[in-house]
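Breakdown of the fold
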Amino acid sequence: MSKQNLPDYVASATPNPVANRVGWLTTTAASYAGIMLWFVFWQAVPNGGSDLSGGTLACGLPLAILSLVLAAFICYSCYYLVPGMLGMKTGLPLYIVGTSTYGVTGGFFMPGFLMGLLQFGWLAVNSYFVGLLLAAIFGGSPHETLHFTLAVLWAIGAGWIGLNGIRYVGLFASYIPVLPLFVLAFLLYKTLPHINNFNLDLVIQASQTTNNPPVLYGSQFLGVLTLMGAYVVGFFATAGAAGCDFGMNNKDAKAVRWGGLVGVFGVTVLTGTCSLLIVCGAWGMPEFREAIIGLANKSNATLLNPVDLIALIAGEQWKNILMFLLVISAFPSACFSTLIASNSFKTTLPKVNPYLSCGLGVFAACMLVLTTLAGRAGDVFTVIGAAFGPVCGSMMADYILAGYRWAGPRAGFNPAGWLAWLLGLATGSITLLAKMFGFTLPFVIPCPPVAAFLVGLCFYFLFASLGLQSQVLNMPQRIDQNDSSTISE
């Protein structure tokens, strides 16, 4: 390997020793469980984060659950597993491991800086939906002064604590997943006895009265699969790449696999299925059908959102309690978003005061809230999936080409990684851009986050075969844990 000097941020990176690794249940599985138990994820599983008629229930409950299981498996196998293995084998975080795919110069920007930048998108989404819940608790309505004020204060508070007091949040963060689990269990208890009365035709009829378009991509069967996939995979994309940071705390490949199977696949299927069952059970409660339909004055999303239906399901005496529990459960993730962003910026922009860089990020998050862009969860997850789909795809290709191990840091900008990422980004985002700017595409890209992943994977293979990989640099402090293990182990 070449003897060139490494940049300071790579040369100073210290692998996490195997002796310091801990069990997968309390690290990888618990961390991902906390992410997938966040109410902003599971509340929109039945509508797929869209206003499409019928949402993911357009072909009934069984297909919705099947599509959820398939999407969860894609998250585990395509987005999480390789980063997790790379983290375990190297003991290094994502922003170091990514230098193999994007180069030591390019690694400043990808995936490290991009990961930090997108955290403020997550902060905006978190603040927007928490603001909705808090406004509802205090008798306010969406997009009114109370909603925006509470959301902005939440973003600023979480940003400040993320920079200054995250250790205090960490003390109770591991217990937070119990709260959304309690809410899901309570809503299931109320609705499950009525699930046999669920009438899909009534849901579709009610959806059509709100002038919503049909499910995308012609066939409703394929439409449900792609809608569910786009929503779930888009939501999970950045968390999948962060598998490096979780995997570096795992001792072996078995721990990486089980951490992902439980925390990623298992909890995603659990929360998503509960959300689908709650909505179907609510629609099976005859006394509430007219009230549910009455909520759909603007959006089909309300018809199929269990959080919006809490008051109808649980009653006024429980509504505020359940909503407040969901608010509390969202606070650690809002703080951790700022923490992740600040760590990224400290690495990639070491001369910039983190209060300035993160302050600007929080300001941008507040603007996304005030313009209501943060409330378009499906579109937000499409952007995230388009940005990180090709990252995970290219990392998988690089991992396979290196013999199921980390190739090591590459010089400068690695052309294969950057070209594959640009093509994947274009593939994953073009449908949303066409929607935003009102032009018609001569083709359809189903499930953009998955398409972006596949483009990143395939084109990295192609560009690497054409010799478009930069030179591997010597990194004396690197370790290669379990070089003989493969992705299928």
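Everything below is about the structure shown above.
The following refers to the structure shown. Treat the numbers as computed from the prediction; the structure is a model and nothing was measured.

1. Focus: unusual backbone geometry
With an omega dihedral of 0°, the bond running from Met-110 to Pro-111 counts as a cis peptide bond. As for its position among the elements, Pro-111 is in helix H7 (residues 109-137). Phi angles above zero are rare outside glycine, and Thr-372 is one such case at about 65°. Here Thr-372 is to be found in the loop between helix H19 (354-370) and helix H20 (377-401).

2. Here we look at a nonpolar patch on the surface
Residues Leu-419, Leu-422, Leu-423, Phe-459, Leu-462, Leu-466 and Leu-468 make up a contiguous nonpolar surface patch of roughly 560 Å² in combined accessible area. Secondary structure elements with two or more residues in the nonpolar patch: helix H21 (415-437) and helix H22 (448-465). Here the nonpolar patch gets 3 residues from one element, more than from any other, and that element is H21. Examined against the element boundaries, Leu-468 turns out to sit in the segment after H22.

3. Notes on H7
The end-to-end C-alpha separation of H7 is 41 Å, in line with the 42 Å expected for 29 residues at 1.5 Å each. Considering bend angle alone, the principal kink of H7 is centred on Met-115 and spans about 25°. Among the 29 residues that make up H7, 24 are buried, leaving the element largely enclosed by the rest of the structure. Positive phi appears at Gly-139, one or two residues downstream of H7, with a value of about 85°.

4. Section: the packing of aromatic side chains
By the definition in use, this model includes 26 aromatic pairs. Relative to Phe-381, the ring of Trp-122 has its centre 5.4 Å away and its plane inclined at 35°; by these criteria the two rings are tilted. Taken together, the residues span a long stretch of sequence, with Trp-122 in helix H7 and Phe-381 in helix H20 at a distance of 259 residues. Across the pair, Phe-381 and Trp-122 agree in class, each one buried.

5. Overview of the nonpolar core
Membership of the largest hydrophobic core comes to 146 residues, with the highest contact counts inside it found for Phe-39, Tyr-79, Phe-236, Trp-283 and Phe-388. Beyond its immediate sequence surroundings of up to four residues, Phe-388 is in contact with Tyr-79, Pro-111, Leu-114, Met-115, Leu-118, Ala-237, Thr-238 and Ala-241.

6. Overview of empty space enclosed by the protein
Within this structure, the stated rule accounts for 1 cavity of 30 Å³ or more. Put simply, the largest cavity is a space of about 50 Å³. Lining the largest cavity, in full, are Leu-86, Val-97, Ser-100, Thr-101, Met-395, Asp-398, Tyr-399, Arg-405, Trp-406 and Ala-407. When contributions to the lining of the largest cavity are tallied by element, the ones reaching two or more residues are helix H6 (99-102) and H20. Of all the elements, H20 adds the most residues to the lining of the largest cavity, at 3 residues. Tallied by class, the residues present in the lining of the largest cavity amount to 6 nonpolar, 2 polar and 2 charged.

7. Quick word on the environment of Gly-389
With respect to the helices and strands, Gly-389 occurs in helix H20. Considered as a pair, Gly-389 and Gly-428 are 39 residues apart in the sequence and their alpha carbons are 7.9 Å apart.

8. Focus: the packing of helix H12 (residues 220-241) against H22
Here H12 crosses H22 at 65°, and the two axes come no closer than 7 Å. Across from Ala-230, Val-233 and Gly-234 in H12, the residues of H22 making contact are Pro-448, Pro-449 and Val-450. In terms of residue class, the contact of H12 with H22 is built from 5 nonpolar, 1 polar and no charged.

9. Some remarks on the pattern of salt bridges
All chains considered together, the criterion is met by 4 salt bridges. Where Asp-379 meets Lys-435, a salt bridge forms, and the shortest distance between an N and an O atom there is 3.3 Å. In this pair, Asp-379 is assigned in helix H20 and Lys-435 in helix H21, connecting sequence segments 56 residues apart. On the basis of relative accessibility, which here comes to 15%, the residue Asp-379 falls in the buried class. On the accessibility criterion, Lys-435 (57% relative accessible area) is exposed. Note that Arg-410 and Asp-398 form a salt bridge whose closest N and O atoms lie 3.3 Å from each other. Residue Arg-410 is found in the loop between H20 and H21, and its partner Asp-398 is found in helix H20; the two are separated by 12 residues along the sequence.

Cut-offs applied
- Residues numbered from 1 in each chain as written.
- Predicted model: local features only at pLDDT ≥ 70, side-chain atom pairs only at ≥ 80, totals over all residues.
- Heavy atoms only, no water.
- Helix = DSSP H or I, 4+ residues; strand = E, 2+ residues; numbered from the N terminus.
- Patch = residues over 30% accessible without salt bridge, like charges linked within 9 Å, V, L, I, M, F, W, Y side chains within 5 Å.
- Areas by Shrake-Rupley, 256 points an atom, 1.4 Å probe, with all protein chains shown as cover.
- Salt bridge = Lys/Arg side-chain N within 4 Å of Asp/Glu carboxyl O.
- Expected span 1.5 Å × (residues − 1).
- Bend = angle between axes of the 7 residues up to and from the residue.
- Buried < 20%, exposed > 50% of the residue type's maximum accessible area, 1.4 Å probe, protein only.
- Phe/Tyr/Trp six-rings, centres within 6.5 Å; stacked < 30°, edge-to-face > 60°.
- Core = buried A, V, L, I, M, F, W, Y, C linked by side-chain atoms within 4.5 Å.
- Contact = heavy atoms within 4.5 Å.
- 1 Å grid on protein atoms, 1.4 Å probe; cavity = no way out; pocket = protein on both sides within 12 Å on 5 of 7 lines; lining within 4 Å.
- Points joined across faces, edges and corners; volume = space filled by probe spheres on them.
- Nonpolar A, V, L, I, M, F, W, Y, C, P; charged D, E, K, R; others polar.
- Axes fitted to C-alpha atoms, helices over the stretch in contact; angles between N-to-C directions.

The quantities given are spatial measurements derived from coordinates; they are silent on function.
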